Amino acid sequence: MRGPSVTPFYAGDIGVRGAARVRAGLPFVPMHYGQPSAGAPAAAIAAAHRVIDRDPLGYTELVELRERIARHYAEAHGLEVDPARILLTAGASAALVAAYATMFRPGDRVAVLRPGYPAYRNTLTALNLMPVEIHCGPEQGFHPTRAQIEALSPAPQALLVASPANPTGAMLDATQLGELLATCRTRGIRVISDEIYHGISFGQRAVSALEIDPRAVVINSFSKLYRMPGWRLGWMVVPQDWAARIHAVLINMFLTPSTLAQHAALAAMDEREDLERWVRIYAQNRTRLIEGLAALGIRKIVPPDGAFYLYADIGHVTRDSMQFCLRAVDECGVGLAPGIDFDPVDGQRFVRFSFAVTPEEVVDALGRLAAWLPGYADHGAGASA
Ligand SMILES: Cc1ncc(COP(=O)(O)O)c(C=O)c1O
C-alpha cells in the first residue's frame, strides 16, 4: 500500500474487550465510546417503522429535512440559512471528508487542537493533508489563544474548531469564538466549525460560527444530541457559492445518506422535550462523576461546559493510559477511552469518561473504580504526582 497510514481509534480495542465481557455475561459499563447509551427518540423510531413499510428506500435527499434544519438555525441561532446551503451527509465524518476534499490541495496545512477528536488529524493525513497541532492543555482551559493562532507560521489554510469539544467538553463563548474567528480572518485562515455537540451544554448556549462568520463551514450530526450514531446521518452548512461543488463530491463519494435515517431524523428534530430530558440526565451524571472521581483522588479535571465527556488527568496513577484502560475493562468492568486517542504527546496521563450513560451506570462505574483503583499499580513507566 502506498497511501498514508493512520492510527486506529484505540478506544475501539476497549470496545472489543467490553463486548466480549458482555457476551460472556460479565458486567461492563460502556463509557469508552462517545455515544449515548439511550437510543433515538421514540418518535424517530416510529417514523422509521412507518417509512420502511411504505417506501422503496431509494437514494434520497429529503428536502423537508434540509428545510427543517434551516428552521433550526432560525430558532436556535436567529439565523436565516438557505436550505440550498445545507448538505446532508453520512454523519459528521462524511462532512469532514467532503470539506477536506473540496477546500484543500494535497500538502495543505490545517490546524487542529490537541487534545482533539482523533479523526480530525487522521483524516487529514489519509487525504495527504498536513495536520498542524495546537497544544491547548488544561492550564488554558483546553482553549486555543489568539497568540497561538497568530504564531502559526506559515499560516495554515484552515483551522478546525469544535465547541463544545471532544474529549474535553470545553466551550468557547461568543467573545472567545469571535476573537478566534477574527484572528483567522485577519490571517486568511478558513474556519471549519464542528458543532456536533451543540444542544448539549450545562450553562451557556453554544454559539454557532455562522453567527459570527457566515462563510464558516459548519458540520453537524444526528449522532449526539439526537442519539442516532448508528443511523449515520449528519449535515454541513457551506457558503452558497460552494454548495454545488461540495455536493458533487458528496454524491460521487457517498451517493446519498441513509434514507431511513433521514425520515427518522426529521421526526427526532421535533422531540425537544425528550432531547432535553437526556441533556438534564447528562448534567446530573456530570456532577456525580466529578464528585465521585474527586472522592477517588482524581481531581485534575477541567469541568466540561458541554458534550458528555470528562477528560481527567490521572498522571498520579499512570503514565500509560492504554494499559490503564485495558486493565479497567478486564479487571474492573469499566470502559474508558485512553488519552492517546486524542493527544499523541501528553495523552498517556489522561483518560476520557463518556457520561452519556444512565445515572445508574455512573454509580456502578464509580463503585467499581472505588474497589479497583486503590490497588492499581502501573506495570509500565510508573506514575508521578
Ligand atoms: C467531535 C466529533 N466530530 C465528529 C464526529 C463524527 O461523528 P458522526 O460521523 O457519527 O456524525 C465525532 C464522533 O464521535 C466527534 O466526537
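Note that the structure is a prediction, hence the values are computed from the model and not measured.

K.L.:
Hey, could you go over the state of the cysteines for me, with residue numbers and the actual values?
P.N.:
Evaluation of the coordinates by the stated rule reveals zero disulfides. Residue cysteine 325 stays outside any disulfide, its sulfur separated by 11 Å from that of cysteine 332, the closest cysteine.

K.L.:
Give me the lowdown on the domain arrangement of the chain, citing residues and values where you can.
P.N.:
As far as domains go, the chain holds domain 1 (11-40 + 273-375) and domain 2 (57-269). Measuring from the centre of the C-alpha atoms in domain 1 to the corresponding centre in domain 2 gives 25 Å. Across the contact, 32 residues belong to domain 1 and 33 residues belong to domain 2. Carbon and sulfur atoms supply 63% of the area that domain 1 and domain 2 bury against each other, a total of about 2600 Å² over both sides. Our count for the domain 1 to domain 2 interface comes out at three salt bridges. Linking aspartate 274 and arginine 227 is a salt bridge whose minimum nitrogen-to-oxygen distance equals 2.7 Å. Our count for the contact surface shared by domain 1 and domain 2 stands at 16 residue pairs in polar contact (both at pLDDT 80 or more). At the level of secondary structure, the elements contributing two or more residues to the side of domain 1 that touches domain 2 comprise α11 (272-295), β9 (309-313) and β12 (350-354). Broken down by element, the side of domain 1 that touches domain 2 gets its largest block of residues, seven residues, from α11. When the residues that make up the side of domain 1 that touches domain 2 are grouped by side-chain class, the tally is 21 nonpolar, four polar and seven charged.

K.L.:
Please set out the side chain of threonine 168 residue by residue, giving values where relevant.
P.N.:
Position of threonine 168 relative to the elements: it lies in the loop between β5 (158-162) and α7 (174-187). Of the polar contacts made by the side chain of threonine 168, one reaches the backbone nitrogen of alanine 170; its length is 3.2 Å.

K.L.:
Tell me what's going on with the packing of aromatic side chains, and back it up with residues and numbers.
P.N.:
Per the counting criterion, the structure on display carries 17 aromatic pairs. Residues tyrosine 197 and tyrosine 309 carry aromatic rings whose centres are separated by 5.4 Å and whose planes lie at 80° to one another, so their mutual orientation is edge-to-face. Of the two residues, tyrosine 197 is situated in the loop between β6 (190-194) and α8 (209-212) and tyrosine 309 in strand β9; the sequence distance between them amounts to 112 residues. Considered together, tyrosine 197 and tyrosine 309 belong to a single accessibility category, that of buried residues. Where phenylalanine 202 meets phenylalanine 355, the ring centres are 6.1 Å apart and the plane angle is 45°; that geometry is what we call tilted. A residue pair is termed long-range when its members are at least 10 positions apart, and phenylalanine 202 in the loop between β6 and α8 and phenylalanine 355 in the loop between β12 and α13 (359-372) qualify at 153 residues. For phenylalanine 355, a relative accessible area of 0% corresponds to the buried category.

K.L.:
How would you explain the sheet that holds strand β2 (residues 86-89) if you had to name every residue and give the values?
P.N.:
Taken in spatial order, the seven strands line up as β2-β8-β7-β6-β5-β3-β4 in an open sheet, and their pairing is mixed. Two strands in the sheet have a free side with no partner beyond their single neighbour: β2 and β4 (130-135). Direction aside, neighbouring strands of the sheet carry axes that sit 25° apart on average. As judged from the five bridges shared by β5 and β6, these two strands associate in the parallel manner. Opposite valine 161, over in β6, you have serine 193 as the bridge partner. With respect to the sheet, helix α9 (residues 243-254) is in contact with β2 and β8 (234-237), its orientation differing from that of β2 by roughly 10°.

K.L.:
Can you explain the pattern of salt bridges? Please cite residues and give values.
P.N.:
Counted under the stated rule, the structure contains 16 salt bridges. Salt-bridge contacts for arginine 215 lead to aspartate 241; the nearest nitrogen and oxygen are separated by 3.0 Å. With arginine 215 in the loop between α8 and β7 (217-221) and aspartate 241 in the loop between β8 and α9, the pair connects residues that are 26 residues apart, well separated along the chain. A relative accessible area of 34% means that arginine 215 is categorised as partly exposed. With a relative accessible area of 55%, aspartate 241 lands in the exposed category. Residues participating in the shared-partner salt-bridge network are Arg114, Arg121, Glu133, Asp343 and Asp346.

Parameters at a glance
- Residues numbered from 1 in each chain as written.
- Predicted model: local features only at pLDDT ≥ 70, side-chain atom pairs only at ≥ 80, totals over all residues.
- Heavy atoms only, no water.
- Disulfide = S-S within 2.5 Å.
- Domains from an automatic or database assignment.
- Contact = heavy atoms within 4.5 Å.
- Buried area = accessible area lost by both parts, 1.4 Å probe.
- Salt bridge = Lys/Arg side-chain N within 4 Å of Asp/Glu carboxyl O.
- Polar contact = N/O pair within 3.5 Å; in protein donor to acceptor, adjacent residues only side chain to side chain.
- Helix = DSSP H or I, 4+ residues; strand = E, 2+ residues; numbered from the N terminus.
- Nonpolar A, V, L, I, M, F, W, Y, C, P; charged D, E, K, R; others polar.
- Phe/Tyr/Trp six-rings, centres within 6.5 Å; stacked < 30°, edge-to-face > 60°.
- Buried < 20%, exposed > 50% of the residue type's maximum accessible area, 1.4 Å probe, protein only.
- Pairing = 2+ DSSP bridges.
- Axes fitted to C-alpha atoms, helices over the stretch in contact; angles between N-to-C directions.

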